[in-house]
Amino acid sequence: MRRRAEVAVVGAGAAGLVAARELLREGHVVAVFEKSARAGGTWAYDPRADADPLGRGDHGAPGAVHGSLYASLRTNLPRQLMGFSGFPLAGRVFAGDPRAFPGHREVLAFLDAFAVESGVAARVRLRAEVLRVRPLGLGQGERWAVAWRGEDREVVEEVFDAVVVCSGHCSVPLVPKIRGAIWSLPFSSHLTAVIPDKTSCSNASMLVLWVTGIDQWPGKQIHSHNYRVPEPFRGQTVVVVGLGASGIDIAREISHVAKEVHIAARYSGDRLGKIELYNNAWMHGEIECIQDDGQVLFAEGSSVAADTILYCTGYRYHFPFLDLDGLTVDDNRVGPLYKHVFPPKYAPNLSFIGLPYKSIIFQSLELESKWVAAALSGRAPLPSEEDMMAAVREHYRRMEEAGKPKRHTHTLWPEWVEYLDWLADQVGEPHLEAWKSEMYEETLKRIWSLDEGYRDLWEEEEENIATGSP
Ligand code: FAD
């Protein structure tokens, strides 16, 4: 007989909504806790920014901004890759934006409609922040106490059979450690003026103090979490760190108003130097160090006097409501987790949806949700705790062998199709259609082309295919 569990879902973003749908479909009883005033998570654009532009404050703190979208954001995947089964984003218009790569309002309206049509909206408790999740009984999580604070500020504790964590991971900035140099005291006993060699981060003639560069650098510094519009960068020389989808979008947008844009990227490939597509943008290697005179030095040896450094360097996993024996976030690895979803010690009653990235996100949210729902009901039994731990260890071993750093534990690319197909096998779903993986890989290539028009060009090409135009 199938088990019918009472399940608390933490968060009503895309992950929480699809998790709730799958849990309901499997016959579970569901309560979705959402700390903000609406569902939609990331896709609910928030014009506010954190008080600290680098967002290094306490992210459990009330008032911390969850959203990381900029005003102009359009999806970086075509709408065919952003729907849920039985409820596609393609072929329908939800907020008057029919473009292949719609703006954020269209995705939010899609999620709103999805929540209503799937019956999930009625299960969402808004302004209900989960403060603490703790296992009851033997500490293995047979039952879970969920303490949450509602609109009236009162804290209530409720007991559930299971908790599904869908609290998102694009809110707490990951800011790299960058070396800084204070060109100060020569080794001689008396102070003399020192003219530093600006093209190098070290100089034998001087006592060079390596400090946390970020704290000493005199210009402005901001993480993309707090970037909303390009106007504040008008006339500036801006260094954009990172070459992910957001970094590319933001560098492009800023280049229309800034004096110069310099992209610093670890994997800049053979594209160092002036970017042909732009009048005022250059590609560099990663930042070697930043100096207290405002200079930014790049790995390939060039340097620039910048006004602002804009970090598009991703986010940290952060679960302020979880403090569990044996479950840690270490160098951005949440672990141990079996297939990014179940901590073996607490499985199946504690799970995480949406941790992996670099894949067709909505598809992976849905498949992970189906798996969790089926594992809870007993339809898809999990291996023993020991076997799950062995699989986790094997995953780490293969990462090490491949030289993949720990912080990339939850990056699916390039094995993202294998992961989705593996999930599909657990719940008897078909494997990913070939056109979807081709479309995804093609989109990645186009993002990397740095061509501003990749989204609209795609649209024109689709139309031409449909009309038979050349
Ligand atoms: P979120 O959307 O972050 O939702 C988490 C929810 O949990 C929030 O509503 C939050 O308020 C709530 N919450 C958190 N803590 C608590 C708590 N303690 N108690 C109660 N509620 C809580 N994906 C794509 O597929 N295509 C794209 O084009 C794309 N572009 C992106 C662009 C940017 C700039 C960013 C940042 C992300 C983008 N993504 C994109 C990825 C995006 O994160 C996912 O599409 C998806 O929105 C993730 O959903 P989620 O539910 O996991 O997290």
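Residues numbered from 1 in each chain as written. Predicted model: local features only at pLDDT ≥ 70, side-chain atom pairs only at ≥ 80, totals over all residues. Heavy atoms only, no water.

This brings us to the overall build of the protein. Of the regular secondary structure elements, the protein holds nine helices and 23 strands. Evaluated residue by residue, the protein yields a buried proportion of 50% over its 470 residues. Partitioning the intrachain contacts of the protein with sequence separation of at least 6 by distance along the chain shows that 64% fall at a separation of at least 24. As displayed, the protein offers around 21,300 Å² of accessible surface, 53% of which is attributable to carbon and sulfur atoms. (Helix = DSSP H or I, 4+ residues; strand = E, 2+ residues; numbered from the N terminus. Buried < 20%, exposed > 50% of the residue type's maximum accessible area, 1.4 Å probe, protein only. Contact = heavy atoms within 4.5 Å. Areas by Shrake-Rupley, 256 points an atom, 1.4 Å probe, with all protein chains shown as cover.)

Attention now goes to helix H4 (residues 245-255). Most of H4 is tucked away, with nine of its eleven residues classed as buried. Within H4, burial applies to Gly247, Ile248, Asp249, Ile250, Ala251, Arg252, Glu253, Ile254 and Ser255.

This part takes up the packing of helix H1 (residues 14-25) against helix H5 (residues 361-377). Taken N-terminus to C-terminus, the directions of H1 and H5 make an angle of 35°; their axes are 8 Å apart at the nearest point. The chirality of how H1 crosses H5 is right-handed. Side by side, H1 and H5 meet where Ala14, Ala15, Val18, Ala19, Arg21, Glu22, Leu23 and Arg25 of the first sit next to Phe362, Leu365, Glu366, Ser369, Lys370, Ala373 and Leu376 of the second. Looking at the contact of H1 with H5 residue by residue, the class counts come to nine nonpolar, one polar and five charged. (Axes fitted to C-alpha atoms, helices over the stretch in contact; angles between N-to-C directions. Left-handed = near helix turned anticlockwise from the far one by under 90°. Nonpolar A, V, L, I, M, F, W, Y, C, P; charged D, E, K, R; others polar.)

Membership of the largest hydrophobic core comes to 90 residues, with the highest contact counts inside it found for Leu17, Trp43, Leu111, Ile254, Leu310 and Phe362. Counting residues per element, this core draws most heavily on H5, at nine residues. Discounting chain neighbours no more than four positions away, the residues touching Phe362 are Ala14, Trp43, Leu81, Met82, Gly83, Phe84, Val107, Phe110 and Leu111. If you look at the next biggest cluster of nonpolar residues, it comprises 25 residues, including Ala31, Ala128, Val165 and Tyr317. (Core = buried A, V, L, I, M, F, W, Y, C linked by side-chain atoms within 4.5 Å.)

Let us now look at the environment of Val146. Along the chain, Val146 falls in strand E5 (residues 144-149). Val146 sits in the buried class, given a relative accessible area of 1%. In this structure the C-alpha to C-alpha distance between Val146 and Ala391, which are 245 residues apart in sequence, comes to 29 Å. If near-sequence neighbours (up to four positions away) are discounted, Val146 is found in contact with Ala8, Phe33, Val130, Arg132, Val133, Val156, Glu157, Glu158, Phe160 and Val163.

We now examine the confidence of the model for the protein. For the protein, the average pLDDT comes to 90, and 90% of its residues sit at 70 or higher. Every residue in residues 184-199 scores below 50 in pLDDT, and together they form 27 contacts with partners more than four places removed in sequence or on other chains. Predicted confidence is poor over residues 203-211, with pLDDT under 50, and the contacts of this stretch with residues over four places away or in other chains come to 36 contacts. Two summary scores accompany this predicted model of the complex, namely pTM at 0.93 and ipTM at 0.99. (pLDDT = per-residue confidence, 0-100.)

With that settled, consider the packing of aromatic side chains. The tally for this structure, following the rule as stated, stands at 22 aromatic pairs. Where Phe87 meets Phe110, the ring centres are 5.4 Å apart and the plane angle is 40°; that geometry is what we call tilted. Residue Phe87 is located in the loop between strand E2 (29-33) and helix H2 (104-117), and its partner Phe110 is located in helix H2; the two are separated by 23 residues in the primary sequence. The two residues Phe87 and Phe110 agree in class, both being buried. For the ring pair Trp371 and Trp422, a centre distance of 5.1 Å and an interplane angle of 85° mean the geometry is edge-to-face. Remark: Trp422 occurs in helix H7 (residues 416-426) and Trp371 occurs in helix H5; sequence separation between them is 51 residues. (Phe/Tyr/Trp six-rings, centres within 6.5 Å; stacked < 30°, edge-to-face > 60°.)

As a further point, take the environment of Leu297. Mapped onto the elements of the fold, Leu297 is located in strand E17 (residues 295-298). Between the C-alpha atom of Leu297 and that of Pro320, which follows or precedes it by 23 residues, the distance is 36 Å.

Along the chain, the position of Arg25 falls in helix H1. Not counting residues up to four positions away in its chain, the partners in contact with Arg25 are Ser85 and Lys370.

Time to look at unusual backbone geometry. Backbone phi values are negative for most residues with the exception of glycine, while trans is the configuration of most peptide bonds. Gly335 connects to Pro336 through a cis peptide bond whose omega is 0°. Looking at where Pro336 falls in the secondary structure, it is placed in the loop between strand E22 (333-335) and strand E23 (350-352). Backbone torsion omega between Ala347 and Pro348 reads 0°, so that peptide bond is classified as cis. Positive phi outside glycine occurs at Arg153, with the angle close to 70°. Tracing the chain through its elements places Arg153 in the loop between E5 and strand E6 (155-160).

Right, let's get into the site of the ligand. If you check the shell around the ligand, you find 31 residues, and the closest are Glu34, Thr42, His66, Asn76 and Val130. Protein contact buries 93% of the 990 Å² of open area that the ligand shows by itself. Among the residues forming the shell around the ligand, the class breakdown is 17 nonpolar, eleven polar and three charged. (Near = heavy atom within 4 Å.)

The next point concerns H5. In a regular helix each residue adds 1.5 Å, so 17 residues correspond to 24 Å; H5 covers 24 Å between its end C-alpha atoms and thus fits that length. Positive phi shows up at Gly378, right after H5, with a value of about 95°. (Expected span 1.5 Å × (residues − 1).)

Right, let's talk about the sheet that holds strand E3 (residues 124-125) for a bit. An order of E3-E2-E1-E7-E23 is seen for the five strands of this open sheet, with the pairing classed as parallel. Each edge of the sheet is formed by a strand with only one pairing partner; in this case those strands are E3 and E23. In this structure, E2 lies alongside E3, joined through two bridges in parallel fashion. From the neighbouring strand, Val32 faces E3, where its bridge partner is Val124. (Pairing = 2+ DSSP bridges.)

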